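Commentary on secondary and tertiary structure
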Amino acid sequence: MPDLLAALRLRLPGIAEAAATEDVDGAFPAGSVAALDAAGLLRAPLARALGGAGWGIEAEGAAPLAQALRLVGRASLPLGRLYEGHVNALRLVQRHGSAAQVAAAARDAAAGLLFGVWNTDAPGEPPLAIRPDGRLAGRKVLCSGAGFAARALVTARPEATPEAPPQMLLVPLVPGERADISGWTAQGMRASATGAVDFTGLALQDGMAIGSPGDYLRQPDFSAGAWRFAAVQCGGLEAVLGALREHLRRTNRGGDPHQAARLGQAALAAETARLWVHSAALRAEAEPAAAEAATYANLARTAVERAALDVLELAQRSVGLTAFLRPNPLERLCRDLATYLRQPAPDRALGVAAADILAAVPAVGDLWDRP
Ligand SMILES: Cc1cc2nc3c(=O)[nH]c(=O)nc-3n(C[C@H](O)[C@H](O)[C@H](O)COP(=O)(O)OP(=O)(O)OC[C@H]3O[C@@H](n4cnc5c(N)ncnc54)[C@H](O)[C@@H]3O)c2cc1C
């Protein structure tokens, strides 16, 4: 297996450069997705037996995937978001799909097709429905790569029982069709092509349903998988920290005790985030996953969010107004990170973790202290 991380590192400067120019509404980092493919990253999430590197599907892949997600996120948060979805989709297919479905997905990933996971239903609309005639009705929203991803793993429910557990469907898509990203007016993550996809009328084909109803939400996978978006966020945080250090060097202000203290605090927050991510990755990707993987990931995502919010504040305070003026890189990096920090149900994640800790038998000091 070639050194994937080395191949990725070679491409990071180009990816970071593209991220700066692609910070416009409606953009999609096609060249950077191709660069990931050229580095072998689109097939890396396949099991080694399928020609991949086991990233996100085998225990040995945990550490390199954690590093890759941070590196990609550091160079481009929109690309990191897209790559995280690709990894997640291939994990779900390999975990729950039939041998034929897994083989087909492996062929597609090896051919450079981008996958996504689109789970979010529009507030106030019925969830994406499977009609009795075998056609879909409704749409998904906040779909990254909408109009660009070639394979979408979506969750859908029978029309008559919208409260039923969701069924995963792997849907082949024609680029440009069914997608509407005009509503993506977020301040950051502009190049993630995040938008609505209307599946109404699409006929279900044999082999589209992946696993059984409810598999998508199966624990600990569902919660423990949060480590992956936290890893991408950690990369974004590191990019802000890097820009802060660069500013202090360039302006020769780093020796000032206030500035030095803030840089130290930001470095501390960044390493806290990295350690949480790494540790959560190992627990989530162990085979079987560690008993505490979901609780730990809920804490990890909370810790990374806190660390990132702290770094944003420290960087903006240290650099001042310049950090808000285009084309200073910090302006975009901060917008992207603040936007990508918004992930589902953060209060619930911390509350569930706290409830787990309340109910746990071991001494609190022994909860995470594994040999
Ligand atoms: C750049 C980007 C790309 C994305 N791409 C995808 C994608 O490809 N696929 C996909 O499926 N999704 C995607 N999403 C959506 C993402 O997974 C989250 O669903 C979304 O970002 C959460 O938004 P929110 O902050 O409004 O979350 P919410 O969960 O609504 O949280 C907002 C606040 O409300 C609180 N809250 C939540 N529920 C309740 C409740 N019941 N009662 C009271 N308070 C509550 C939360 O704790 C939080 O404080 C993307 C999001 C972003 C930012």
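Keep in mind it's a predicted model, so treat the numbers as computed, not measured. (Residues numbered from 1 in each chain as written. Predicted model: local features only at pLDDT ≥ 70, side-chain atom pairs only at ≥ 80, totals over all residues. Heavy atoms only, no water.)

**Details of the overall build of the protein chain**
Within the protein chain, the secondary structure is distributed over 11 helices and 9 strands. The C-alpha radius of gyration computed for the protein chain amounts to 21 Å, which stays within 12% of the reference 21 Å derived for 371 residues, consistent with globular compactness. When each of the 371 residues of the protein chain is scored for burial, the buried share is 53%. Taking as baseline every contact in the protein chain between residues at least 6 positions apart, the subset at least 24 positions apart corresponds to 74%. With the model as given, the accessible surface of the protein chain reaches about 16200 Å², and the carbon-plus-sulfur share is 56%. Positive and negative side-chain charges of the protein chain, numbering 36 and 37 respectively, have mean locations separated by a distance of 4 Å. (Helix = DSSP H or I, 4+ residues; strand = E, 2+ residues; numbered from the N terminus. Rg over C-alpha atoms; globule rule 2.2 N^0.38 Å. Buried < 20%, exposed > 50% of the residue type's maximum accessible area, 1.4 Å probe, protein only. Contact = heavy atoms within 4.5 Å. Areas by Shrake-Rupley, 256 points an atom, 1.4 Å probe, with all protein chains shown as cover. Lys, Arg positive; Asp, Glu negative; His and termini not counted. Charge placed at Lys NZ, Arg CZ, Asp CG, Glu CD.)

**Topic: the UniProt feature "domain: Acyl-CoA dehydrogenase/oxidase C-terminal" (unreviewed entry) in the protein chain**
If you check UniProt for "domain: Acyl-CoA dehydrogenase/oxidase C-terminal" (unreviewed entry), the listed places come out as residues 223-338 in our numbering. Between the end C-alpha atoms of residues 223-338 there is a gap of 22 Å, over a span that is 81% helix and 0% strand. (UniProt positions renumbered as here; feature names shortened; annotations may be inferred.)

**A few points about a nonpolar patch on the surface**
A contiguous nonpolar surface patch, about 320 Å² in accessible area, is contributed by Leu-321, Phe-324 and Leu-325. Positionally, Leu-325 belongs in the loop between helix H9 (293-319) and helix H10 (329-340). (Patch = residues over 30% accessible without salt bridge, like charges linked within 9 Å, V, L, I, M, F, W, Y side chains within 5 Å. Salt bridge = Lys/Arg side-chain N within 4 Å of Asp/Glu carboxyl O.)

**Let's talk about the pattern of salt bridges**
Working definition: two side chains of opposite charge can pair if their charged atoms are close together. What the rule picks out here adds up to 23 salt bridges. Residue Arg-74 is joined to Glu-238 by a salt bridge in which the shortest nitrogen-to-oxygen separation is 3.1 Å. With Arg-74 in helix H3 (residues 62-75) and Glu-238 in helix H7 (residues 226-251), this residue pair connects regions lying 164 residues apart in the sequence. For Arg-74, a relative accessible area of 35% gives the class partly exposed. Residue Arg-306 is joined to Asp-310 by a salt bridge in which the shortest nitrogen-to-oxygen separation is 3.0 Å. Pair noted here: Arg-306 and Asp-310 are both in helix H9, with a separation of 4 residues, about one helical turn. Looking at Arg-306, the relative accessible area reads 45%, which means it is partly exposed.

**A word on the site of the ligand**
Near the ligand you find 18 residues, and of these Thr-120, Leu-142, Ser-144, Ala-345 and Asp-347 are the closest. Interatomic distance of 2.8 Å between a side-chain N/O atom of Arg-81 and an oxygen atom of the ligand. Here an oxygen atom of the ligand sits 2.8 Å away from a polar atom, N or O, in the main chain of Arg-342. At the level of elements, strand E1 (115-118), strand E4 (139-143) and helix H11 (346-359) are the ones that each hand at least two residues to the shell around the ligand. Counting only domains with at least three residues in the shell around the ligand, you end up with domain 1 (8-217) and domain 2 (221-360). (Near = heavy atom within 4 Å. Polar contact = N/O pair within 3.5 Å; in protein donor to acceptor, adjacent residues only side chain to side chain. Domains from an automatic or database assignment.)

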